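# Structure at a glance
The chain contents come next:
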Protein chains: 2
Amino acid sequence: MTIEEQAGLVKLASPKLAGTTGELRDQALLAVAKALMDNKDAIFDANRQDMEQAEKDGIAAPVLKRLKFDEGKLRDVINGIHDLVQMPDPLFQTKLARELDEGLTLYRETCPIGVIGVIFEARPDALVQISALCIKSGNCVILKGGSEATKSNKILFDTIYAAVREAGLPENCMLQLEARSEINELLTCQSSVDLLIPRGSNAFVQYIMSHTNIPVMGHADGICHIYVDKDADIGKAIPIILDAKTQYVSACNTVETLLVHKDIAKELVPKLAQALKEKHVELRGTKEIQALVDCVPATEKDDDTEYLDYILSAKIVESVDEAIDHINRHGSHHTDSIVTENKETALHFMRMVDSAGVYQNCSTRFADGYRYGFGAEVGISTSKLHARGPVGLEGLLSYKYKLFGDGHIVDDYAQGRKKFHFVDLP
Amino acid sequence: MTIEEQAGLVKLASPKLAGTTGELRDQALLAVAKALMDNKDAIFDANRQDMEQAEKDGIAAPVLKRLKFDEGKLRDVINGIHDLVQMPDPLFQTKLARELDEGLTLYRETCPIGVIGVIFEARPDALVQISALCIKSGNCVILKGGSEATKSNKILFDTIYAAVREAGLPENCMLQLEARSEINELLTCQSSVDLLIPRGSNAFVQYIMSHTNIPVMGHADGICHIYVDKDADIGKAIPIILDAKTQYVSACNTVETLLVHKDIAKELVPKLAQALKEKHVELRGTKEIQALVDCVPATEKDDDTEYLDYILSAKIVESVDEAIDHINRHGSHHTDSIVTENKETALHFMRMVDSAGVYQNCSTRFADGYRYGFGAEVGISTSKLHARGPVGLEGLLSYKYKLFGDGHIVDDYAQGRKKFHFVDLP
């Protein structure tokens with residue numbers, strides 16, 4: 001069967017999965033947790049084979065770290081599944097109930113999106129998390145994980161799919177693609193796939209977006225800013241900047257550009273430069289920054305660069321409004337933070353900066369589904385449509401309008417024989 | 001200035017408009033209503049010139065009817081503006097408030113999408129409605145109306161823009177394009193336009209979707225179904241079918257295909273055929289329908305056709321599940337109705353049919369923002385992402401996450417020195 005034919009079968013399974021009860025989907029999740037425990041030796045064994053191959057191939061250390069699936073990661077994903085089971089069923093929730101007229105009642109009820117294609121990096125734990133989020137939200141899923149994890153992904157998928165089938169979820173409610181070449185086939189399946197979620201590098205997400213007619217939810221860039229206001233507490237500013245830059249340097253929510261109010265620059269910048277030096281961070285500054293400390297000269301290009309590295313560019317601004325303007329022009333609408341003790345300035349900044357996350361006095365690294373208390377996330381969206389910021393269960397839902405009548409026709413209202421009365425029900 | 005440069009100015013106005021209070025935006029709406037009344041003679045005069053030109057050009061009668069902007073339509077749009085003013089401010093609404101840890105509090109707050117481009121048919125009243133929805137929701141708007149209404153659109157836009165500027169909304173918060181050629185320029189403005197809403201024919205919407213990288217919200221097709229169940233009340237079924245087919249034949253929410261349960265076909269179909277004949281509707285039937293009444297033979301192509309005309313195709317099904325399967329395969333996920341007195345069958349149908357609207361015992365023509373009590377709509381979405389069904393104010397919103405801390409850094413949580421406690425606030 002071609003990928004298109006297989007995706008077609010998943011599409012046909014999707015209303016069946018959407019029609020299951022929350023109880024059944026929770027039972028399926030518990031069955032998955034049990035099956036993973038029961039199968040753990042074989043899973044670890046497959047992962048060891050992937051790790052050995054990756055080491056032979058000279059794969060970089062951070063990638064190896066993500067590829068590894070051990071007791072600790074198994075415990076984390078199983079805890080995650082139990083957290084999801086504890087959450088209320090996100091489906092069939094009534095979000096609007098309105099009597100339009102006597103005997104004519106409208107409901108808006110949550111429902112799954114349908115079939116979601118997720119293309120993700122070589123992280124076996126991500127496969128489990130994504131599958132669990134999709135099962136909980138009643139979405140069929142087509143998975144394609146990074147090829148370094150081929151053996152791990154195969155046994156994890158087989159274990160999960162067998163468990164959900166055994167628990168009573170419909171045939172073909174999940175599909176795994178194994179070859180990288182199948183991604184391009186998946187991109188053409190617009191009649192079967194409702195949403196694609198690519199994870200990985202900016203270039204990869206852009207490639208997916210420009211090669212498919214399927215809606216794509218994927219963040220493109222994370223050019224995050226910290227603005228240190230004239231009313232900042234420097235004792236908070238420096239640890240926040242260090243955390244946002246160095247706590248995990250290759251994440252999308254790290255800070256790339258620092259904006260400093262002119263009135264606090266003389267005090268802040270020399271202390272900060274020293275602290276950054278100790279953490280091996282290269283400071284790139286404009287002329288005004290260079291006048292205060294010894295640093296690498298910044299160019300205009302730095303304003304628009306996501307380093308994902310131990311590099312921070314810095315710039316002095318005249319006012320909070322100049323900082324806001326800079327962020328709205330050069331940022332990627334991901335997460336931006338202001339350090340200030342002035343509540344009014346903070347609220348102004350947070351209202352005017354057009355980003356998914358706007359923070360006061362904390363690190364941009366908090367932009368994460370787990371840290372927001374969403375249990376897990378399928379990704380972080382910098383789009384303003386559908387879902388924005390960390391995307392958990394809620395971002396995987398759509399809704400439908402249900403209208404119950406008793407022979408009602410529109411012509412009665414068009415001709416004025418009847419009138420709508422619009423009463424919202426409790 | 002090029003369209004791209006002008007759109008860039010609108011983009012810069014967008015955080016300013018997003019930062020205005022609901023009070024100010026309501027005052028601007030009231031100023032618009034007053035200015036339209038004060039200017040009505042000049043507006044009617046411009047519209048008369050458009051009408052005369054359109055008549056000379058031999059424009060069809062239904063188009064002329066939409067083009068006309070008279071006392072009645074002015075009253076309707078002004079009533080619509082007053083309805084919007086009565087509605088609560090949709091912005092800055094807190095949708096989630098959660099203490100992540102002591103002193104670290106997360107809020108999800110509604111905000112506008114930003115800059116919305118709307119391309120719409122030659123209906124001057126639509127220009128006013130769309131502008132009013134965008135002002136209320138804090139969105140900047142770029143308008144391009146049908147060219148037959150050029151003079152009407154110009155004076156309406158100038159009147160509205162002058163009124164909102166006078167009321168204190170930011171410069172460049174609205175822009176009107178005048179030449180059709182400017183649409184193609186608009187399609188390339190992905191750095192300034194957050195969302196495009198094209199209204200018009202299916203072919204036009206498809207053209208827009210395939211010629212831009214800007215997200216598009218537009219319905220593509222309306223292939224709506226009515227399924228008459230074996231437990232239907234025929235006295236309700238026939239008026240519902242007639243209303244759904246003939247009340248306004250060129251709307252996207254008219255019924256195109258009728259599915260009839262085999263056990264009720266013999267009683268329903270002959271009576272229905274007679275009623276359709278009286279309304280000059282051509283019935284196209286499968287062999288099983290042809291065995292019951294004299295009708296035009298239906299082909300497979302009819303299953304996938306949006307007639308927007310006095311034509312109805314009909315088919316006999318063995319069961320509600322066959323009807324559901326047919327609708328999910330051939331429908332356009334717009335609006336589908338079941339006629340049945342059996343509540344259980346209705347709920348099963350409404351859960352399993354994957355459409356924006358699923359109805360029991362009423363006409364598909366109810367799928368409309370006004371009839372849902374949304375005040376007005378910018379369109380009807382058959383997408384399952386972002387907004388589905390009639391799109392009113394809510395569909396024009398996004399949200400942002402605001403996080404307030406006091407020097408909080410992620411490393412404390414990563415190293416286990418602190419723990420999240422996740423308490424939802426009332």
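We now turn to the structure provided with this report. Just so it is clear, the model here is predicted, and its values are computed rather than measured. (Residues numbered from 1 in each chain as written. Chains lettered and ligands numbered in written order. Predicted model: local features only at pLDDT ≥ 70, side-chain atom pairs only at ≥ 80, totals over all residues. Heavy atoms only, no water.)

Turning next to the environment of B:Ile289. Residue and element names in this part refer to chain B. When you line up the elements, Ile289 lands in helix H12 (residues 287-290). The exposure class assigned to Ile289 is buried, which follows from its relative accessible area of 1%. In sequence terms Ile289 and Ser363 are 74 residues apart; their C-alpha atoms lie 22 Å from each other. Non-local contacts of Ile289, meaning those with residues more than four positions away in its chain, are made with Val269, Leu283, Cys295, Ala314, Lys315 and Ile316. (Helix = DSSP H or I, 4+ residues; strand = E, 2+ residues; numbered from the N terminus. Buried < 20%, exposed > 50% of the residue type's maximum accessible area, 1.4 Å probe, protein only. Contact = heavy atoms within 4.5 Å.)

Note on sheets: strands pair through backbone hydrogen bonds, and any given pair is parallel or antiparallel. All names here are of chain B. Strand order in the open sheet formed by four strands is E5-E4-E3-E6, with parallel pairing between adjacent strands. Of all the strands in the sheet, the pair left with one neighbour each is strand E5 (174-176) and strand E6 (195-198). Strand after strand, the sheet turns through a mean of 15° between neighbouring axes, direction not considered. By the bridge criterion, three bridges tie strand E4 (residues 140-144) to E5 in an arrangement that is parallel. Looking at E5, one finds that Leu143 is bridged to Gln176. Most of the contacts of helix H7 (residues 150-167) go to E5, to which it runs at about 165°, and overall it touches E4 and E5. Lying on the sheet, helix H9 (residues 202-210) is in contact with strand E3 (115-119) and E6; it crosses E6 at an angle near 160°. (Pairing = 2+ DSSP bridges. Axes fitted to C-alpha atoms, helices over the stretch in contact; angles between N-to-C directions.)

So, about the interface of chain B and chain A. Contact with chain B, which involves 75 residues of that partner, is made by 76 residues of chain A. It is B:Arg351, B:Tyr401 and B:Val410 that lose the most area in chain B upon contact with chain A, and together they represent 11% of the buried surface on that side. Of the charged contacts in the structure, one is a salt bridge between B:Lys384 and A:Asp194, with a shortest N-O distance of 3.7 Å. At the boundary of chain B with chain A, the tally comes to 45 residue pairs in polar contact (both at pLDDT 80 or more). Counting residues per element, the side of chain B that touches chain A draws most heavily on strand E16 (residues 397-408) of chain B, which supplies eleven residues. Among the residues forming the side of chain B that touches chain A, the class breakdown is 39 nonpolar, 16 polar and 20 charged. Note that strand E13 (residues 357-362) of chain A and E16(B) share five bridges and pair parallel. (Buried area = accessible area lost by both parts, 1.4 Å probe. Salt bridge = Lys/Arg side-chain N within 4 Å of Asp/Glu carboxyl O. Polar contact = N/O pair within 3.5 Å; in protein donor to acceptor, adjacent residues only side chain to side chain. Nonpolar A, V, L, I, M, F, W, Y, C, P; charged D, E, K, R; others polar.)

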